[in-house]
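# Inside the fold
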Amino acid sequence: MRLRSAPPATPRLLLLLAVLLYGFCCCCEGRFVVEKNSLKVTAPDSLKGSYECAIGNFGVPQYGGTMVGVVAYPKSNRKACKSFDDFDISYKAKSGSLPTFLLVDRGDCFFTKKAWNAQNAGVAAILVADDKDEPLITMDTPEESGRADYLENITIPSALITKSFGDRLRKAVDGGHMVNVNLDWRESLPHPDERVEYEFWTNSNDECGPKCDSQIDFVKSFKGPAQILEKKGYTQFTPHYITWYCPEAFTLSKQCKSQCINHGRYCAPDPEQDFSKGYDGKDVVVQNLRQVCVYKVAKENKKPWLWWDYVTDFAIRCPMKEKKYTKECADGVIKSLGLDHKAIDKCIGDPNADEENHVLKAEQDAQIGKGARGDVTILPTLVINNRQYRGKLDKGAVLKALCAGFQETTEPAVCLSEDIQTNECLENNGGCWHDKAANISACKDTFRGRVCECPVVKGVKFVGDGYTHCEASGSGRCEINNGGCWKETRNGLTHSACTDGGCKCPVGFKGDGVHKCEDVDECKERTACQCKECKCKNTWGSYECGCGGGLLYMKEHDTCIINTFYSGKDAGARVGWNFLWFLLFGLAAVGIAGYAVYKYRIRSYMDSEIRAIMAQYMPLDNQGEIPNHSHHIEM
């Protein structure tokens, strides 16, 4: 990239540039979609109904929320181009009063100036009535650099309404009617599932004034939340860059050659809008292309969030003002992030080639609106779930808009922080069912408010309407607060009414199983121990049954039977029999032992005799010669 020292621009040259830029913007067929939200009038009856209004491209729309207020139309300063303090008019809220929505007329000053003056007067929102019959348009921010002193501080939402609706509102307010209005942004953004897809259309140019400054300030502040959401899979982010092509008749002109690459196919305006100094438009195109390729290579390596690091670091390390807006500086940033600069260079291709660049061609195609999304013609532009975001390019405002894109109850924790929304479950449990004993609630905080939904606790699902009743169901339900059933412990013994099928008092108890189970007195109710000889004693949850006269109780048959072992006339007889049996067993044991000793000794004696006889005829290996004791007879 090179710095240019060209002669001062002539009026004719600047006019030619304006024509070229107009041609760039109009060379693509498409449409600009005005993003809208609903405005509902609830009183008076003559105005009741829903109306559309266009969301302003500044301020902070309450995406995902609603706002109720009363319409006021000032008697002076009706275009709100001056401070209301000059007219001693104030709309600051008083305790217990409804917020004020200020109705003002279009004309004489910027939309942002009207909003700023209205905000300082204390209103909650501003409604600008169009001054001619036409379709709704998007109120955008002015291009003049002098507007930045207040633009970034506008926080109230703004909306443009049609002339006819504005006339009816004026007539009602001037007639003394109290006009109640509900501004509803809940459906301004689609929220179909648990992941939000969003695009950020930006520019690497840092010399286009306040708009460029706001873009890089946003990237720096939003980098942290964006990377967390992307790493955890809550969002799918894609950066984009606007380029134009040079009309064929001007392809070889000096202006197109300085503003375009690839033989006039991809162009960008001069960064400073001054041909006598600074960088060329084609330098911006190449750097835009490099940033797209950084994202693509990072995404291939499953780290798309590194785009935020690269853009932030490049803006800090390689600004145009310090003449560092170069490939060498960019490569240094790429190297520090551990990205493959060769893969990025291959993605960039040859800017001087007379051929299409498939990356930039895809960017141009993406500019054209499809479905509910219109053409991207304004920089910067944020597209969330295929709808263009309208409002302040601010960390908090954009995060609110992203959170509005999640299906209710699927929002990440960052969307439920106090800075983003109010937790309605904190007050009176949101009016939902609550088990104080187990500290279990059916209230679930969401970005849009709250829902009363029976919870799932430790894998156990509760069922019910969520408002007045929730009950644990299925396997494991008794592990959670005993399934909401009765349970009591006495003297170390515990009984519970909880079963997998519900609350039912156990055997030996009666009751509803939820609030109480009472012990059944089986003895009193004669449900056990009914035989003539039975003796009954009630216990907690059961009973004890016995028999008199040494009889044995058979619980299965609820009867007493004779105990043969203990049925003697008296204890003495039982002792005599016991002694007799003991004596018999003792004598038998002695006889067996004596017989065993006798058998052992006989066997040992016979073994000895047999060995002695055999040794006379065949001496054993482990014995010496046994002398022959026979007498020799002398012959």
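Residues numbered from 1 in each chain as written. Predicted model: local features only at pLDDT ≥ 70, side-chain atom pairs only at ≥ 80, totals over all residues. Heavy atoms only, no water.

Per an unreviewed UniProt entry, the recorded name for the protein chain is EGF-like calcium-binding domain-containing protein, and the organism is Triticum aestivum. Per its UniProt entry, the protein chain bears the Sequence similarities (unreviewed entry) comment "Belongs to the VSR (BP-80) family." (UniProt positions renumbered as here; feature names shortened; annotations may be inferred.)

Moving on, we come to empty space enclosed by the protein. The gaps of empty space that remain are located by a probe, the size of a water molecule, rolled over the atoms. In total, this model carries two cavities of 30 Å³ or more according to the counting rule given. Lining the largest cavity are 20 residues, with Asn57, Thr141, Pro380, Gly391 and Leu393 positioned closest to its centre. In terms of residue class, the lining of the largest cavity is made up of eight nonpolar, six polar and six charged. The two domains that each donate at least three residues to the lining of the largest cavity are domain 1 (36–185) and domain 2 (196–415). As for the second largest cavity, its lining consists of Ser83, Phe84, Asp85, Asn117, Asn120 and Ala121. (1 Å grid on protein atoms, 1.4 Å probe; cavity = no way out; pocket = protein on both sides within 12 Å on 5 of 7 lines; lining within 4 Å. Points joined across faces, edges and corners; volume = space filled by probe spheres on them. Nonpolar A, V, L, I, M, F, W, Y, C, P; charged D, E, K, R; others polar. Domains from an automatic or database assignment.)

Okay, the state of the cysteines next. Tallying each qualifying case throughout the model produces 16 disulfides. Each sulfur of the disulfide joining Cys260 and Cys267 lies 2.0 Å from the other. Between Cys260 and Cys267 the disulfide shows an S-S torsion of about 105°. By sign, it is right-handed. Residue Cys260 is classed as buried on the basis of its relative accessible area, which comes to 6%. A disulfide bridge connects Cys523 with Cys536, and the sulfur atoms are separated by 1.8 Å. Its S-S torsion of approximately -75° makes the covalent link between Cys523 and Cys536 left-handed. Of this pair, Cys523 sits in the loop between strand S26 (518–519) and strand S27 (534–539) while Cys536 sits in strand S27, placing them 13 residues apart in sequence. (Disulfide = S-S within 2.5 Å. Buried < 20%, exposed > 50% of the residue type's maximum accessible area, 1.4 Å probe, protein only. Helix = DSSP H or I, 4+ residues; strand = E, 2+ residues; numbered from the N terminus.)

If you trace the four strands from one edge of the open sheet to the other, you get S9-S8-S12-S13, paired in mixed fashion. The outermost strands of the open sheet, each flanked by one partner alone, are strand S9 (235–241) and strand S13 (387–388). Here strand S8 (residues 196–202) runs beside strand S12 (residues 381–384); their pairing, made up of four bridges, is antiparallel. Residue pairing in the sheet places Trp201 in a bridge with Thr381 of S12. Strand contacts of helix H8 (residues 306–317): S8 and S9, with the helix running at about 40° to S9, the strand carrying the most contacts. Most of the contacts of helix H11 (residues 358–367) go to S9, to which it runs at about 105°, and overall it touches S8 and S9. (Pairing = 2+ DSSP bridges. Contact = heavy atoms within 4.5 Å. Axes fitted to C-alpha atoms, helices over the stretch in contact; angles between N-to-C directions.)

This part takes up the layout of surface pockets. By volume, the second largest pocket amounts to about 460 Å³. In terms of lining residues, the second largest pocket is bounded by 21 residues, among which Ile261, Lys282, Val286, Pro351 and Asn352 are the most central. Among the elements of the structure, helix H6 (254–259), strand S10 (260–261), helix H7 (281–300) and helix H10 (341–348) are those that each provide at least two residues to the lining of the second largest pocket. With four residues, the top contributor of residues to the lining of the second largest pocket is H7. A class-by-class count of the residues in the lining of the second largest pocket yields eight nonpolar, six polar and seven charged.

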